[in-house]
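Close look at the chain arrangement
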Amino acid sequence: MDNNSPIRRPDSAPPSYGNKSVEELEDEQRTHFAVQWCKYTFEGLIGRGAFGLTFRLIEKLSANRSRRLAIKRSLRPQREDDLRNEIEWLKTLRGAEHIVRILATRDDSESSASALIRTRRDRLGAPLELHNSLMGLAGPIVVLEYLENGDIERLYNRLVRHDQLLPNRILWSFFLCLIRACVALAYPVNGAEDEPNVLETIPTDGRAPSMVEHADLNMTNVMIGEAGGGFAEHDIVPPLKFIDFGRTRDGFQGVSDNLWKISRMMINLIARHQVRISAWISYYQGFETRATEILHHGNGAKYPTLDDDMRDFLARCLADEERHRPTLADMLNTAETAVRNKTAEAYPGQAGETDEGIRNMLQRFIYDADT
(Lines give C-alpha, C1' and ligand atoms only; values in the text may rest on other atoms or scores of the structure.)
Protein backbone atom coordinates (compact mmCIF):
# COMPACT_ATOMS: atom_id res chain seq x y z
CA MET A 1 0.00 0.00 0.00
CA ASP A 2 1.33 3.41 -0.99
CA ASN A 3 2.31 5.46 2.07
CA ASN A 4 0.85 8.53 0.37
CA SER A 5 -2.58 6.97 -0.01
CA PRO A 6 -5.36 8.81 1.84
CA ILE A 7 -6.96 7.17 4.86
CA ARG A 8 -10.03 5.26 3.72
CA ARG A 9 -13.01 5.37 6.03
CA PRO A 10 -14.87 2.10 6.66
CA ASP A 11 -18.45 1.79 5.51
CA SER A 12 -20.78 3.53 7.95
CA ALA A 13 -23.28 0.65 8.14
CA PRO A 14 -22.54 -1.34 11.32
CA PRO A 15 -22.17 -5.09 10.79
CA SER A 16 -24.16 -7.65 12.72
CA TYR A 17 -22.17 -9.28 15.53
CA GLY A 18 -24.68 -11.21 17.63
CA ASN A 19 -23.47 -14.72 16.75
CA LYS A 20 -19.78 -14.01 16.22
CA SER A 21 -17.01 -15.69 18.20
CA VAL A 22 -14.35 -13.75 20.07
CA GLU A 23 -11.91 -14.56 17.27
CA GLU A 24 -14.31 -13.26 14.63
CA LEU A 25 -14.86 -10.06 16.58
CA GLU A 26 -11.09 -9.59 16.89
CA ASP A 27 -10.66 -10.14 13.15
CA GLU A 28 -13.42 -7.61 12.52
CA GLN A 29 -11.60 -5.01 14.62
CA ARG A 30 -8.30 -5.78 12.89
CA THR A 31 -9.85 -5.39 9.44
CA HIS A 32 -11.64 -2.22 10.47
CA PHE A 33 -8.46 -0.44 11.54
CA ALA A 34 -6.29 -1.92 8.77
CA VAL A 35 -7.84 0.51 6.27
CA GLN A 36 -6.74 3.35 8.57
CA TRP A 37 -3.15 2.11 8.63
CA CYS A 38 -1.65 5.61 8.37
CA LYS A 39 -3.17 6.54 11.72
CA TYR A 40 -3.77 3.31 13.66
CA THR A 41 -2.15 -0.06 14.28
CA PHE A 42 -4.36 -2.76 15.77
CA GLU A 43 -2.51 -4.96 18.28
CA GLY A 44 -5.19 -7.40 19.37
CA LEU A 45 -7.30 -8.65 22.26
CA ILE A 46 -5.95 -7.85 25.73
CA GLY A 47 -8.89 -8.62 28.00
CA ARG A 48 -12.17 -10.46 28.23
CA GLY A 49 -14.71 -9.87 30.98
CA ALA A 50 -18.22 -11.07 31.68
CA PHE A 51 -19.71 -8.28 29.59
CA GLY A 52 -17.16 -7.23 27.01
CA LEU A 53 -13.89 -7.44 25.16
CA THR A 54 -10.96 -5.03 25.34
CA PHE A 55 -8.55 -4.52 22.46
CA ARG A 56 -5.31 -2.56 22.18
CA LEU A 57 -4.59 -0.04 19.47
CA ILE A 58 -1.66 2.27 18.65
CA GLU A 59 -2.61 5.77 17.54
CA LYS A 60 -0.01 7.77 15.61
CA LEU A 61 -0.12 11.35 16.88
CA SER A 62 2.73 12.79 14.81
CA ALA A 63 5.83 11.69 12.93
CA ASN A 64 7.59 10.69 16.16
CA ARG A 65 4.78 10.43 18.73
CA SER A 66 2.25 7.71 19.35
CA ARG A 67 0.15 6.33 22.17
CA ARG A 68 -1.63 3.12 22.99
CA LEU A 69 -5.39 3.08 23.47
CA ALA A 70 -7.82 0.54 24.90
CA ILE A 71 -11.03 -0.10 22.97
CA LYS A 72 -13.91 -1.82 24.69
CA ARG A 73 -17.00 -3.31 23.10
CA SER A 74 -19.76 -5.70 24.12
CA LEU A 75 -19.26 -9.41 23.75
CA ARG A 76 -22.93 -9.93 22.89
CA PRO A 77 -25.79 -7.57 21.99
CA GLN A 78 -27.56 -8.68 25.18
CA ARG A 79 -24.77 -7.04 27.20
CA GLU A 80 -24.81 -3.71 25.38
CA ASP A 81 -26.67 -1.98 28.19
CA ASP A 82 -23.85 -2.81 30.61
CA LEU A 83 -21.37 -1.05 28.34
CA ARG A 84 -23.74 1.89 27.85
CA ASN A 85 -24.03 2.13 31.62
CA GLU A 86 -20.24 2.12 31.89
CA ILE A 87 -19.92 4.84 29.25
CA GLU A 88 -22.35 7.13 31.05
CA TRP A 89 -20.55 6.69 34.37
CA LEU A 90 -17.15 7.26 32.76
CA LYS A 91 -18.42 10.57 31.41
CA THR A 92 -19.74 11.50 34.84
CA LEU A 93 -16.41 10.61 36.47
CA ARG A 94 -14.21 12.10 33.75
CA GLY A 95 -11.47 14.35 35.08
CA ALA A 96 -10.72 12.31 38.21
CA GLU A 97 -7.06 11.25 38.27
CA HIS A 98 -7.81 7.86 39.82
CA ILE A 99 -10.52 6.83 37.35
CA VAL A 100 -9.60 5.47 33.92
CA ARG A 101 -10.14 8.28 31.42
CA ILE A 102 -12.67 8.02 28.59
CA LEU A 103 -11.36 9.43 25.31
CA ALA A 104 -14.10 8.78 22.74
CA THR A 105 -17.26 6.77 22.28
CA ARG A 106 -19.75 5.89 19.59
CA ASP A 107 -23.00 3.94 19.44
CA ASP A 108 -24.26 3.08 15.95
CA SER A 109 -26.70 0.40 17.06
CA GLU A 110 -29.34 2.74 18.52
CA SER A 111 -32.29 4.17 16.63
CA SER A 112 -31.35 6.86 14.13
CA ALA A 113 -32.75 9.70 16.26
CA SER A 114 -31.14 8.69 19.55
CA ALA A 115 -27.88 7.79 17.82
CA LEU A 116 -27.76 11.24 16.23
CA ILE A 117 -28.32 12.94 19.59
CA ARG A 118 -25.72 10.76 21.30
CA THR A 119 -23.25 11.26 18.45
CA ARG A 120 -23.56 15.04 18.69
CA ARG A 121 -23.07 14.91 22.44
CA ASP A 122 -20.12 12.53 22.25
CA ARG A 123 -18.36 14.66 19.66
CA LEU A 124 -18.37 17.71 21.88
CA GLY A 125 -14.74 18.11 22.82
CA ALA A 126 -13.74 14.65 21.59
CA PRO A 127 -11.04 14.44 18.89
CA LEU A 128 -13.00 14.21 15.66
CA GLU A 129 -10.58 11.82 13.99
CA LEU A 130 -10.61 9.43 16.94
CA HIS A 131 -14.40 9.58 17.00
CA ASN A 132 -14.67 8.97 13.25
CA SER A 133 -12.31 6.01 13.44
CA LEU A 134 -15.09 4.10 15.21
CA MET A 135 -17.64 4.56 12.42
CA GLY A 136 -18.88 1.23 11.11
CA LEU A 137 -18.35 -0.81 14.26
CA ALA A 138 -21.52 -2.37 15.64
CA GLY A 139 -22.86 -1.71 19.10
CA PRO A 140 -21.58 0.75 21.70
CA ILE A 141 -17.81 1.30 21.57
CA VAL A 142 -15.64 3.20 24.02
CA VAL A 143 -12.00 4.28 23.75
CA LEU A 144 -10.06 4.57 27.02
CA GLU A 145 -6.59 5.51 28.12
CA TYR A 146 -4.35 2.46 28.05
CA LEU A 147 -2.84 1.55 31.42
CA GLU A 148 0.19 -0.52 30.56
CA ASN A 149 1.26 -1.67 34.02
CA GLY A 150 -1.55 -4.15 34.55
CA ASP A 151 -3.95 -4.61 37.43
CA ILE A 152 -3.10 -5.01 41.08
CA GLU A 153 -4.10 -8.67 41.03
CA ARG A 154 -1.11 -9.28 38.78
CA LEU A 155 1.08 -7.38 41.24
CA TYR A 156 -0.50 -9.33 44.12
CA ASN A 157 0.33 -12.65 42.43
CA ARG A 158 3.96 -11.58 41.99
CA LEU A 159 4.19 -10.59 45.65
CA VAL A 160 2.76 -13.98 46.65
CA ARG A 161 5.19 -15.83 44.39
CA HIS A 162 8.21 -14.02 45.85
CA ASP A 163 6.81 -13.70 49.41
CA GLN A 164 7.45 -9.96 49.25
CA LEU A 165 5.83 -7.34 51.49
CA LEU A 166 5.52 -3.95 49.82
CA PRO A 167 7.35 -1.03 51.47
CA ASN A 168 5.18 1.11 53.73
CA ARG A 169 5.52 4.16 51.50
CA ILE A 170 4.05 2.23 48.56
CA LEU A 171 1.26 0.86 50.75
CA TRP A 172 0.33 4.36 51.94
CA SER A 173 0.46 5.69 48.39
CA PHE A 174 -1.73 2.88 47.06
CA PHE A 175 -4.24 3.33 49.88
CA LEU A 176 -4.43 7.06 49.14
CA CYS A 177 -5.11 6.27 45.46
CA LEU A 178 -7.95 3.92 46.36
CA ILE A 179 -9.43 6.48 48.75
CA ARG A 180 -9.21 9.23 46.15
CA ALA A 181 -11.02 6.99 43.66
CA CYS A 182 -13.77 6.54 46.26
CA VAL A 183 -13.90 10.33 46.61
CA ALA A 184 -14.40 10.51 42.83
CA LEU A 185 -17.43 8.24 43.13
CA ALA A 186 -18.81 10.23 46.03
CA TYR A 187 -18.22 13.63 44.38
CA PRO A 188 -18.06 13.13 40.57
CA VAL A 189 -15.91 15.63 38.71
CA ASN A 190 -17.99 15.76 35.50
CA GLY A 191 -14.97 17.16 33.66
CA ALA A 192 -14.95 18.21 30.04
CA GLU A 193 -12.96 16.25 27.47
CA ASP A 194 -10.40 19.03 27.07
CA GLU A 195 -9.88 19.60 30.80
CA PRO A 196 -6.92 17.95 32.57
CA ASN A 197 -7.35 15.48 35.40
CA VAL A 198 -7.52 16.75 38.97
CA LEU A 199 -6.76 15.14 42.30
CA GLU A 200 -9.99 14.12 43.96
CA THR A 201 -10.85 16.15 47.05
CA ILE A 202 -13.94 16.57 49.20
CA PRO A 203 -15.82 19.80 48.43
CA THR A 204 -15.90 22.41 51.17
CA ASP A 205 -19.45 23.55 50.42
CA GLY A 206 -21.02 20.97 52.70
CA ARG A 207 -22.79 18.99 50.00
CA ALA A 208 -23.66 15.38 50.79
CA PRO A 209 -21.80 12.62 48.94
CA SER A 210 -23.54 10.63 46.25
CA MET A 211 -24.44 7.01 46.94
CA VAL A 212 -22.65 5.69 43.85
CA GLU A 213 -21.43 2.11 44.27
CA HIS A 214 -18.82 0.76 41.91
CA ALA A 215 -20.45 -2.63 42.63
CA ASP A 216 -17.60 -4.70 41.19
CA LEU A 217 -14.55 -3.57 43.13
CA ASN A 218 -11.84 -6.21 43.14
CA MET A 219 -8.15 -6.40 42.30
CA THR A 220 -8.77 -7.01 38.60
CA ASN A 221 -10.68 -3.73 38.35
CA VAL A 222 -7.91 -1.56 39.78
CA MET A 223 -5.16 -0.73 37.28
CA ILE A 224 -1.68 0.70 37.76
CA GLY A 225 -0.96 3.89 35.82
CA GLU A 226 2.28 5.74 35.14
CA ALA A 227 4.28 7.79 37.64
CA GLY A 228 4.51 11.53 37.13
CA GLY A 229 1.55 13.30 35.59
CA GLY A 230 2.18 16.56 37.40
CA PHE A 231 1.05 15.42 40.85
CA ALA A 232 3.73 15.39 43.55
CA GLU A 233 2.27 12.33 45.28
CA HIS A 234 2.97 10.35 42.11
CA ASP A 235 6.50 11.54 41.41
CA ILE A 236 7.77 8.05 42.32
CA VAL A 237 4.81 5.74 42.94
CA PRO A 238 2.34 5.37 40.04
CA PRO A 239 -1.38 5.99 40.59
CA LEU A 240 -4.01 3.29 40.88
CA LYS A 241 -7.17 3.75 38.82
CA PHE A 242 -10.62 2.16 38.99
CA ILE A 243 -11.91 0.57 35.78
CA ASP A 244 -14.96 -1.45 34.68
CA PHE A 245 -18.12 0.46 35.55
CA GLY A 246 -20.65 -1.82 33.86
CA ARG A 247 -22.40 -2.59 37.17
CA THR A 248 -21.98 0.84 38.78
CA ARG A 249 -25.18 2.27 40.20
CA ASP A 250 -26.69 4.56 42.77
CA GLY A 251 -26.97 2.27 45.78
CA PHE A 252 -27.93 2.31 49.43
CA GLN A 253 -24.42 2.17 50.92
CA GLY A 254 -22.31 3.75 48.20
CA VAL A 255 -19.49 5.33 50.21
CA SER A 256 -19.30 2.72 52.95
CA ASP A 257 -19.46 -0.18 50.49
CA ASN A 258 -16.64 1.24 48.35
CA LEU A 259 -14.45 2.00 51.38
CA TRP A 260 -14.99 -1.45 52.86
CA LYS A 261 -13.90 -3.11 49.63
CA ILE A 262 -10.72 -1.07 49.20
CA SER A 263 -9.80 -1.77 52.83
CA ARG A 264 -10.14 -5.49 52.14
CA MET A 265 -7.88 -5.10 49.10
CA MET A 266 -5.24 -3.43 51.23
CA ILE A 267 -5.16 -6.12 53.92
CA ASN A 268 -4.90 -8.79 51.21
CA LEU A 269 -2.01 -6.93 49.55
CA ILE A 270 -0.21 -6.83 52.89
CA ALA A 271 -0.95 -10.43 53.87
CA ARG A 272 -0.38 -11.81 50.37
CA HIS A 273 -3.33 -14.12 50.76
CA GLN A 274 -7.09 -13.73 50.80
CA VAL A 275 -7.68 -12.89 54.45
CA ARG A 276 -10.87 -14.43 55.83
CA ILE A 277 -11.80 -11.33 57.77
CA SER A 278 -15.14 -12.71 58.90
CA ALA A 279 -13.44 -15.71 60.56
CA TRP A 280 -11.25 -13.73 62.97
CA ILE A 281 -12.90 -10.80 64.68
CA SER A 282 -11.03 -9.45 67.69
CA TYR A 283 -11.31 -6.64 70.23
CA TYR A 284 -9.03 -3.66 69.58
CA GLN A 285 -8.98 -0.33 71.45
CA GLY A 286 -12.63 -0.44 72.42
CA PHE A 287 -14.19 -1.93 69.29
CA GLU A 288 -14.29 -5.16 67.31
CA THR A 289 -12.24 -5.32 64.11
CA ARG A 290 -11.72 -7.73 61.25
CA ALA A 291 -8.10 -6.69 60.71
CA THR A 292 -6.79 -9.19 63.31
CA GLU A 293 -4.46 -10.78 60.75
CA ILE A 294 -2.06 -7.80 60.82
CA LEU A 295 -2.45 -6.73 64.47
CA HIS A 296 0.13 -7.59 67.11
CA HIS A 297 -2.34 -9.72 69.07
CA GLY A 298 -3.12 -11.64 65.87
CA ASN A 299 -0.58 -12.58 63.18
CA GLY A 300 1.17 -9.22 63.28
CA ALA A 301 4.57 -10.82 63.86
CA LYS A 302 4.42 -12.11 60.27
CA TYR A 303 4.73 -8.51 59.08
CA PRO A 304 7.64 -7.12 61.12
CA THR A 305 8.29 -4.06 58.91
CA LEU A 306 4.64 -2.99 58.62
CA ASP A 307 4.02 0.53 59.93
CA ASP A 308 2.03 0.42 63.19
CA ASP A 309 0.07 3.42 61.94
CA MET A 310 -1.06 1.34 58.97
CA ARG A 311 -2.08 -1.50 61.30
CA ASP A 312 -4.12 0.92 63.38
CA PHE A 313 -5.66 2.60 60.32
CA LEU A 314 -6.77 -0.69 58.79
CA ALA A 315 -8.08 -1.92 62.14
CA ARG A 316 -10.40 1.11 62.14
CA CYS A 317 -11.31 0.86 58.47
CA LEU A 318 -12.28 -2.79 59.03
CA ALA A 319 -14.13 -2.20 62.31
CA ASP A 320 -17.03 -4.61 62.57
CA GLU A 321 -19.54 -1.84 63.19
CA GLU A 322 -19.68 1.06 60.76
CA ARG A 323 -19.96 3.62 63.57
CA HIS A 324 -16.38 2.80 64.60
CA ARG A 325 -14.95 3.29 61.08
CA PRO A 326 -13.41 6.56 59.90
CA THR A 327 -15.41 8.72 57.52
CA LEU A 328 -14.36 9.26 53.93
CA ALA A 329 -12.94 12.66 54.93
CA ASP A 330 -11.02 11.12 57.83
CA MET A 331 -9.58 8.40 55.62
CA LEU A 332 -8.52 10.91 52.99
CA ASN A 333 -6.87 13.14 55.58
CA THR A 334 -5.02 10.23 57.23
CA ALA A 335 -3.68 8.87 53.94
CA GLU A 336 -2.75 12.32 52.57
CA THR A 337 -0.85 13.12 55.76
CA ALA A 338 0.99 9.79 55.69
CA VAL A 339 2.04 10.13 52.05
CA ARG A 340 3.20 13.71 52.63
CA ASN A 341 5.05 13.17 55.92
CA LYS A 342 6.23 9.56 55.94
CA THR A 343 9.41 9.97 53.95
CA ALA A 344 12.38 7.58 54.13
CA GLU A 345 13.40 9.24 57.41
CA ALA A 346 10.25 7.85 59.03
CA TYR A 347 11.64 4.32 58.55
CA PRO A 348 15.30 4.44 59.70
CA GLY A 349 17.39 1.44 58.77
CA GLN A 350 14.95 0.20 56.12
CA ALA A 351 16.70 0.48 52.74
CA GLY A 352 13.52 -0.48 50.94
CA GLU A 353 11.85 2.73 52.11
CA THR A 354 14.37 5.07 50.45
CA ASP A 355 13.50 6.65 47.10
CA GLU A 356 16.01 4.33 45.44
CA GLY A 357 14.57 1.31 47.23
CA ILE A 358 11.04 2.27 46.16
CA ARG A 359 12.10 2.71 42.54
CA ASN A 360 13.89 -0.65 42.56
CA MET A 361 10.84 -2.38 44.01
CA LEU A 362 8.54 -0.83 41.39
CA GLN A 363 10.95 -1.75 38.62
CA ARG A 364 11.18 -5.36 39.75
CA PHE A 365 7.55 -6.07 40.55
CA ILE A 366 5.67 -3.77 38.15
CA TYR A 367 7.71 -2.42 35.25
CA ASP A 368 10.09 -5.29 34.48
CA ALA A 369 8.19 -8.19 36.02
CA ASP A 370 7.21 -11.25 34.06
CA THR A 371 3.57 -11.38 33.00
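Just above sits the structure.
Since this is a predicted model, take the numbers as computed values, not measurements.

1. Some remarks on the overall build of the protein
Secondary structure summary: the protein contains 10 helices and 11 strands in total. In the protein, 70% of the contacts between residues at least 6 apart in sequence involve partners at least 24 apart.

2. Let's talk about unusual backbone geometry
Positive phi outside glycine occurs at D244, with the angle close to 65 degrees. Residue position: D244 is located in the loop between β8 (240-242) and β9 (249-250). Non-glycine residue Q285 carries a positive phi angle of around 45 degrees.

3. What about the sheet that holds strand β3 (residues 65-74)?
Pairing is antiparallel across the open sheet formed by 5 strands, whose spatial order is β1-β2-β3-β5-β4. Each edge of the open sheet is held by one strand with a lone partner, namely β1 (40-48) and β4 (102-107). For this sheet the average axis-to-axis angle between neighbouring strands, irrespective of direction, equals 25 degrees. Bridge count for β3 against strand β5 (residues 140-145) is 5 bridges, and the pairing is antiparallel. Each bridged residue has a counterpart across the sheet, and for R73 the counterpart in β5 is I141. In this fold helix α1 (residues 22-34) packs onto β1, β2 (52-62) and β3, with an angle of close to 160 degrees to the strand it touches most, β1.

4. With respect to the pairing of β2
Here β1 runs beside β2; their pairing, made up of 7 bridges, is antiparallel. By the bridge assignment for β2, T41 is matched with I58. Relative to β3, β2 runs antiparallel, the two being bridged by 10 bridges. Residue G52 lies in a different strand from β3, and its bridge partner there is S74.

5. Things to note about the packing of aromatic side chains
What the rule picks out here adds up to 6 aromatic pairs. Measuring from centroid to centroid gives 5.7 Å for F42 and F55, while their planes differ by 40 degrees, and the two rings are tilted. A residue pair is termed long-range when its members are at least 10 positions apart, and F42 in strand β1 and F55 in strand β2 qualify at 13 residues. An identical accessibility class is assigned to F42 and F55; each is buried. Both rings, one in W172 and one in F313, keep their centres 5.8 Å apart while their planes meet at 25 degrees; by these two values the pair is stacked. Of the two residues, W172 sits in helix α6 (residues 168-186) while F313 sits in helix α8 (residues 308-317), which places them 141 residues apart along the sequence. For F313, a relative accessible area of 5% puts it in the buried group. The structure contains a cluster of three or more aromatic residues connected by ring pairs, namely F33, Y40, F42 and F55.

6. Thoughts on the packing of α6 against helix α10 (residues 355-367)
In contact at an axis separation of 10 Å, α6 and α10 are set at 70 degrees when each is read in the N-to-C sense. Taken together, the axis directions place α6 and α10 in an arrangement best described as roughly perpendicular. For the pair α6 and α10, contact is made by R169, I170 and F174 and by D355, I358, M361, L362 and I366, respectively. Classifying every residue of the contact of α6 with α10 gives 6 nonpolar, no polar and 2 charged.

7. A look at the pattern of salt bridges
Under the definition given, this model contains 30 salt bridges. For R249, the salt bridge identified is with E213, shortest N-O distance 3.2 Å. Taken together, the positions of R249 in strand β9 and E213 in strand β6 (residues 212-213) put the pair 36 residues apart, joining distant regions of the chain. On the basis of relative accessibility, which here comes to 8%, the residue E213 falls in the buried class. Among the salt bridges present, the one from R316 reaches D312, with a minimum N-O distance of 3.0 Å. You can see R316 and its partner D312 sitting in helix α8, 4 residues apart, about one turn around the helix. Classification of R316 by relative accessible area gives partly exposed; the value is 28%. Several salt bridges converge on common partners, so that one network encompasses E80, D81, R84 and D107.

8. Describing the nonpolar core
Counting residues in hydrophobic clusters, the biggest one holds 85 residues, and the most contacted among them are F174, F175, F242 and I262. Take this core: its biggest share by element is 15 residues, from α6. The residues contacting F174, other than those within four sequence positions of it, are L155, L166, V237, P238, L240, M266, L269 and I366. Listed in part, the 18 residues of the second largest apolar core include V22, L25, F33 and L69.

About the thresholds
Sequence positions are assigned chain by chain, starting from 1 and proceeding in written order. For a predicted model such as this one, the threshold for reporting local features is a pLDDT of at least 70, and the threshold for listing and counting side-chain atom pairs is 80 or more; totals across whole chains, interfaces and linings nevertheless cover every residue. Water and hydrogen atoms were dropped before computing side-chain values, which therefore reflect all heavy atoms in the structure. Comment: elements are numbered from the N terminus, with helices defined as DSSP H or I runs of at least four residues and strands as E runs of at least two. Contacts: residue pairs with any heavy atoms within 4.5 Å of one another. Between any two strands, at least two bridges found by DSSP are needed for them to pair. Axis definition: a line fit to C-alpha positions, over the contact stretch in the case of helices; interaxial angles, taken between N-to-C directions, run 0 to 180 degrees. Only the six-membered ring of Trp is used, alongside the rings of Phe and Tyr, when aromatic pairs are assigned; centres must lie within 6.5 Å, and planes under 30 degrees apart are stacked while those over 60 apart are edge-to-face, with the rest tilted. Residue burial is assigned from relative accessible area. The probe radius is 1.4 Å, only protein chains are included, and a residue is buried under 20% of its type maximum, exposed over 50%, and partly exposed in between. The scheme is simple: roughly parallel for angles under 35 degrees, roughly antiparallel for over 145, roughly perpendicular for 65 to 115, oblique for anything else. Gly falls in the polar group here, along with every residue not listed as nonpolar (Ala, Val, Leu, Ile, Met, Phe, Trp, Tyr, Cys, Pro) or charged (Asp, Glu, Lys, Arg). Salt bridges, as used here, are contacts in which a Lys or Arg side-chain nitrogen is within 4 Å of a carboxyl oxygen on Asp or Glu. Grouping buried Ala, Val, Leu, Ile, Met, Phe, Trp, Tyr and Cys residues that are joined through side-chain atoms within 4.5 Å yields what is termed a nonpolar core.

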